[in-house]
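# Fold and geometry: a report
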Amino acid sequence: MRILVLGATGFLGRHATGSLRALPGAQVLEAGRRGTLPVEVPFEAFCDVPLDLATADPARFAEVLRAAAPDAVVNCAGAVGGSALALTATNARGPAALCEALRAAAPRARLVHLGSAAEYGAADGRAPLAESGTTRPVGLYGAAKLAGTLAVTGSGLDATVLRVFNPVGPGAPDGSLPGRLARELRRAGPDGRVRVGDLSAYRDFVDARDVADAVVRAVTAPGPVPPVLNIGSGTARPSRDVAGELVRAAGFRGTLDEGGDGSHRSAAVPWQEADITLATRTLGWLPRRTLTESLTDLWHDTARTPESAR
């Protein structure tokens, strides 16, 4: 089975690629942040054609896909910050361009696209969010991710969107609360002071390795897969629990000050929890790692990852 992974160098992309490589008989072709595949891949078209979905010409990208002849494409590419142009180009235009190229060059390939819980926006009270529920994103990131989801689900391809809630685990980027807090705790030392924003918002945290397991199951599932599947832990936890677990893992005895600036989305979306019934029923998937395990592994990973690589 030949699998092309876009965004393979990102947080979720690295975990997904590692799990896909463990599939018997799988040949995994990786495309990194800029989309350029390594020159040793034996497809000449990959050497010079950029695969940055934010700017890619679908016609040229189709040529690459014809050379690759993938059985499946996994799109982990995305932007969580930056300008409005960057957010919309990567998260909305990118999936649309990918679908157009796939229709032209590899219409039978299965597409697994990573979406985001930000597409839902605020929950109605404290009811778990199901795939059939209303999507009301509160910011440009969520709106752009939703546009990407609509491009995929309306493409007519054999495609599914894994709507990922709050991923955590080793390699979590500084742009996420867990990643940023782990780095700040390590910089502060055991008796230092770390300033954070309000930690009262409830989120559904899911280990990136469990997300990778869901990707593998979506790629290999026989027959059609539902157009959207929630991938989360199925449990809402206060962000303060994340801080507490990291403080414990770090042996931190200092001061954690919640008086810093919080994010707009945390204030606008105070509670989210995934209903993962559909993913469990159709993929046989369940998250296996606890939040404690995810954050302990994240803490140890920050000691191994140099500052220049973060």
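A short tour of the structure in this document, coming up. Everything quoted here is computed from the prediction, not taken from an experiment. (Residues numbered from 1 in each chain as written. Predicted model: local features only at pLDDT ≥ 70, side-chain atom pairs only at ≥ 80, totals over all residues. Heavy atoms only, no water.)

## Some remarks on the pattern of salt bridges
Note the threshold: By salt bridge we mean one thing: a side-chain nitrogen of Lys or Arg within 4 Å of a carboxyl oxygen of Asp or Glu. Runs of H or I in DSSP of at least four residues are treated as helices and runs of E of at least two as strands, each being numbered from the N terminus. Each residue is assigned to one of three classes by its accessible area relative to the maximum for its type, calculated with a 1.4 Å probe on protein chains only: buried under 20%, partly exposed between the two thresholds, exposed over 50%.
Taken as a whole and assessed by the stated rule, the structure comprises 16 salt bridges. Residue Asp297 is joined to Arg209 by a salt bridge in which the shortest nitrogen-to-oxygen separation is 2.9 Å. With a gap of 88 residues between them, Asp297 in helix H11 (residues 291–304) and Arg209 in helix H7 (residues 208–220) connect regions that are remote in the sequence. We classify Asp297 as partly exposed; its relative accessible area is 23%. What makes Arg209 buried here is its relative accessible area of 19%.

## Looking at the nonpolar core
Our working definition: What makes a nonpolar core is a set of buried Ala, Val, Leu, Ile, Met, Phe, Trp, Tyr and Cys residues whose side-chain atoms join them at distances within 4.5 Å. Note on definitions: a residue-residue contact is assigned when non-hydrogen atoms from the two residues lie within 4.5 Å.
With 60 residues, the main nonpolar core has Leu20, Val74, Leu162 and Leu246 as its most contacted residues. Among the elements that make up this core, the one with the highest residue count is H7 (7 residues). For Val74, the contacting residues outside a window of four places in its chain are Ile3, Leu4, Val5, Leu6, Leu20, Val112, Val215 and Val219. If you look at the next biggest cluster of nonpolar residues, it comprises 24 residues, including Leu4, Phe61, Val73 and Leu102.

## Re the pairing of strand E2 (residues 27–31)
For the record, the criterion: Only strands that DSSP links by at least two bridges are regarded as paired with each other. Crossover handedness is defined by viewing with both strands directed away from the observer: a clockwise path from the first strand over the helix to the second marks the crossover as right-handed.
In this structure, strand E1 (residues 2–6) lies alongside E2, joined through 5 bridges in parallel fashion. Paired with Leu4 across the two strands is Leu29, which belongs to E2. A crossover links E1 with its parallel partner E2, the connecting element being helix H1 (residues 11–21), and its sense is right-handed.

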